[in-house]
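# Observations on the three-dimensional arrangement
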Amino acid sequence: MKLILRGHHLLCLKGFQGYGYDENFVENMIDVNNKRKLPETKVSLTNCPDDICKSCPNLKNNICEDIVQNDRIVKMDNAVLEKLDTETEFKSVELFEKIDSIFNTKESVSEICFNCIWHEKCLFYQNLSNNR
Ligand code: SF4
């Protein structure tokens, strides 16, 4: 099985607690979150709409909300992707272990998570320490 995931969604999946934009979005997020934990799952990375965006009510004309918001989202993706080899097809379990080791303090995700509307509910963000 293969997932296509945009950079910042690697962090969102780690923090997912069942919240989302609507029922359809949450159902798909649960499905993707279950699949990414399976040993046979592979992941390709992108900064474009992915397997999570495809069920999101904010995806319009293949961009996130509007040009301004989409630019913001792509910057968040790129801040994650610059730490990873984007040409590689990753084993999902290993990729998420890598994410844990790279993004391990609040400072390490400040560019990515600080303005996110979910950061107060996000388990991943909340569990990060303030230490460098
Ligand atoms: S369309 Fe935008 S808000 Fe929806 S999942 Fe994708 S990046 Fe997130």
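Scope of this entry: the structure provided in the associated data block.

### Quick word on the site of the ligand
All residues adjacent to the ligand are Ile52, Cys53, Cys56, Asn58, Leu59, Cys64 and Ile73. Residue classes in the shell around the ligand are distributed as 6 nonpolar, 1 polar and no charged.

### Comments concerning the sheet that holds strand β1 (residues 2–6)
The strand order across the open sheet formed by 3 strands is β1-β2-β5, and the pairing between neighbours is mixed. For this open sheet the edge positions go to β1 and β5 (90–91), each flanked by a neighbour on one side alone. As paired elements, β1 and strand β2 (residues 42–46) share 5 bridges and run parallel to each other. Bridging across to β2, lysine 2 finds its partner in lysine 42.

### Overview of helix α3 (residues 67–81)
The first and last C-alpha atoms of α3 sit 20 Å apart over 15 residues, in line with the 21 Å expected at 1.5 Å per residue. Of all the residues in α3, the buried ones are Ile73, Met76, Asp77 and Val80. Looking down the long axis of α3, one finds its buried residues gathered within 100° of arc, a one-sided arrangement. Opposite the packed face of α3, turned more than 90 degrees from it, sit the exposed residues Ile67, Val68 and Asp71.

### Section: unusual backbone geometry
Notably, asparagine 61 is not glycine yet its phi reads approximately 55°, a positive angle. At glutamate 65, a position not held by glycine, the phi torsion is positive, near 65°. Take glutamate 65: it is sitting in the loop between β4 (63–64) and α3.

The rules behind each value
Numbers given to residues run from 1 along each chain, matching the order in which its sequence is written. Side-chain atom pairs in this predicted model are given and counted only at pLDDT of 80 or more, local residue features only at pLDDT of at least 70, and totals for whole chains, interfaces and linings cover all residues. Residue proximity rests on one test: whether the C-beta atom, placed from the backbone, lies within 6 Å of the molecule or strand. Here the term charged refers only to Asp, Glu, Lys and Arg, the term nonpolar to Ala, Val, Leu, Ile, Met, Phe, Trp, Tyr, Cys and Pro, and the term polar to all other amino acids, Gly among them. Strand pairing is defined by DSSP finding a minimum of two bridges between the two strands. Helix numbers and strand numbers start at the N terminus; a helix is a DSSP run of H or I with at least 4 residues, a strand a run of E with at least 2. What a helix should span is 1.5 Å times the count of its residues minus one. Working definition of burial: number of other C-beta atoms within 10 Å of the residue's own, with buried at 20 or more, exposed at 12 or fewer, and partly exposed in between, all C-beta atoms being placed from the backbone. Directions drawn from the helix axis to the C-beta atoms are what define this arc.

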